[in-house]
Amino acid sequence: MIGKRVRVVLHASHLVVYENNVEVARHERLIAKASCRLDLDHYLEALIRKPGAFPGATALEQARSAGKFTPVHDAWWDQAKKVHGERDGTRALIEVLLLGRHLAHEHLVAGLATALRAGALTADAVALEARKAAEDEPAAIDRAPGSSAQTAASVTSLHEWRLAHLPPDTRPLPSVTPYDQLLRRRRASDSEHREGEAQ
């Protein structure tokens, strides 16, 4: 929206930005004069290139105090740093945070928790578990309160999950008959060659 004229509507608790009557942004209204609120999501592309700046980022502290960066995020991040090292572990966490643009926050946190229990410290594993949490949500709502169903601490491999969602393969099984015929021809020519050498 740089260089474009937009319309801002100020409400009691938030402000909404419109371009051509289309809402393009919604932000919490800050009451204190000269205060600022940084949205961590706005800085992720820069931070993934410079992950060393992530731990001390003001946007991270504000996300943590607002409850958007949970203790589950911190626990997964700590384990990722132990396994992948400081830089790559932080980059993996930022990749997880980028998933929040396509997945609901509660599903992402559930995916992080499941992946952490299973020791799966990659963004792909978190994405898969978050999508599974989203798919299982209706079943969780239907489940009676106080039931003893426990979440398994195992992570489905992405490959298995993709295979499970493919349509059935109706192609006939491959045959090696033509290759067998080539082998028979080769054996026949080899035996003819040996007979010619023997004469």
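What counts as what
Residues numbered from 1 in each chain as written. Predicted model: local features only at pLDDT ≥ 70, side-chain atom pairs only at ≥ 80, totals over all residues. Heavy atoms only, no water. Pairing = 2+ DSSP bridges. Helix = DSSP H or I, 4+ residues; strand = E, 2+ residues; numbered from the N terminus. Axes fitted to C-alpha atoms, helices over the stretch in contact; angles between N-to-C directions. 1 Å grid on protein atoms, 1.4 Å probe; cavity = no way out; pocket = protein on both sides within 12 Å on 5 of 7 lines; lining within 4 Å. Points joined across faces, edges and corners; volume = space filled by probe spheres on them.

S.K.: Even after reading the chapter, I still don't get the sheet that holds strand S1 (residues 7–10), so can you show me in this structure?
M.R.: Note on sheets: strands pair through backbone hydrogen bonds, and any given pair is parallel or antiparallel. Ordered in space as S1-S2-S3, the 3 strands form an open sheet in which the pairing is antiparallel. This sheet does not close on itself; its edge strands, each paired only once, are S1 and strand S3 (22–28). Across the sheet, the mean angle separating the axes of adjacent strands is 20° when strand polarity is ignored. When S1 meets strand S2 (residues 14–19), the two strands line up antiparallel, connected through 4 bridges. Paired with Val 8 across the bridge in S2 is Val 17.

S.K.: Looking at this structure, how should I read the layout of surface pockets?
M.R.: Here the idea is plain: a probe the size of a water molecule rolls over the atoms and shows the empty space left. Considering only enclosed or pocket space, the largest pocket measures out at about 710 Å³ in volume. Looking at the largest pocket, it is lined by 24 residues, and the ones nearest its centre are Leu 38, Asp 39, Leu 40, Asp 41 and Lys 68. Only S3, helix H2 (58–65) and helix H5 (105–118) provide two or more residues apiece to the lining of the largest pocket. If you tally residues by element for the lining of the largest pocket, the top one is S3, at 5 residues.

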